[in-house]
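Listed below are the residues making up each chain.
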Amino acid sequence: MEAELRERSARTMQRLRSDPENVERDLVKLVLTLVELIRQLMERQALRRAEGGDLSDDQIEALGLALMRLEEAMTRLKDHFDLDDHDLNLDLGPLGPLLPDA
């Protein structure tokens, strides 16, 4: 029993050991994944509101511009950290991927 606990502990410690560059990149991936998920949800909601007539033409224009700028910023950040859309799509196991395929 004690040997098994030591082995598990050693495996856990090995997983936790990571060089700082990978930790930073993994954190950036997580943050960008969350931002991308929220961006996609905002985009869908904006389309629903625009199609439902809840927004004026000026509001639609401003919202479209804001979403375009957010997408451009995401592209720049992904390029800077050498990430692509696939890197941001977390695998949720039996539930499938977090983000829908574009």
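Counting restarts for each chain, with residues numbered from 1 along the sequence as it is written. The predicted nature of this model means local features are confined to residues of pLDDT at least 70 and side-chain atom pairs, given and counted, to a pLDDT of 80 or more, with totals for whole chains, interfaces and linings taken over all residues. To get the side-chain values, take all heavy atoms of the structure and skip hydrogens and water.

Asks: What's the story with the overall build of the protein in this structure? I'm lost.
Replies: Runs of E in the DSSP output that reach at least two residues are strands. Runs of H or I that reach at least four are helices, and both are numbered from the N terminus. Across its full length, the protein carries four helices and zero strands. Secondary structure elements of the protein, listed N to C terminal, follow the sequence α-α-α-α. Partly exposed describes any residue whose relative accessible area lies between the buried limit of under 20% and the exposed limit of over 50%, with all areas from a 1.4 Å probe on protein chains only and scaled to the type maximum. Scored against the burial criterion, the 102 residues of the protein give a buried share of 16%. The criterion used for residue contact is that any of the two residues' heavy atoms lie within 4.5 Å. The long-range share in the protein, meaning contacts at least 24 apart out of those at least 6 apart in sequence, stands at 63%. In these tables, accessible area is a Shrake-Rupley quantity obtained with a 1.4 Å probe, and a residue counts as shielded only by the protein chains included in the view. Surface summary for the protein: the accessible area is close to 8,300 Å², and the carbon and sulfur share equals 56%.

Asks: Please clarify how helix α3 (residues 57–80) should be interpreted in this entry.
Replies: Think of an α-helix as 3.6 residues a turn; residues three or four steps apart then line up on the same face. With 24 residues, α3 ought to run about 34 Å at 1.5 Å a step, and its terminal C-alpha atoms sit 35 Å apart, in line with that. Listed in full, the buried residues belonging to α3 are Leu67, Met74 and Lys78. Buried residues along α3 sit in contact with α2 (20–51) and α4 (85–88). Once α3 finishes, Asp82 follows within two positions and takes phi at roughly 55°, a positive value. Working rule for helices: expected span equals 1.5 Å times residues minus one.

Asks: Explanation requested: the nonpolar core in the structure shown.
Replies: The tendency in soluble globular proteins is for nonpolar side chains to be buried side by side. Among buried residues, the Ala, Val, Leu, Ile, Met, Phe, Trp, Tyr and Cys ones that are joined through side-chain atoms within 4.5 Å form a nonpolar core. Membership of the largest hydrophobic core is limited to six residues, which are Val28, Leu32, Met74, Leu83, Leu88 and Leu99. Residues within four places of Met74 in sequence aside, it is in contact with Leu32, Val35, Glu36 and Leu88.

Asks: Would you take a moment to explain the pattern of salt bridges for this structure?
Replies: Each reported salt bridge corresponds to a side-chain nitrogen of Lys or Arg within 4 Å of a carboxyl oxygen of Asp or Glu. The tally for this structure, following the rule as stated, stands at three salt bridges. The residue Arg39 makes a salt bridge to Glu43 at a minimum N-O spacing of 3.1 Å. Taken together, the positions of Arg39 and Glu43, both in helix α2 and four residues apart, correspond to about one turn of that helix. Of the residues examined, Glu43 reaches a relative accessible area of 30% and is grouped as partly exposed. Residues joined by salt bridges that share partners form a network here, namely Glu36, Arg39 and Glu43.

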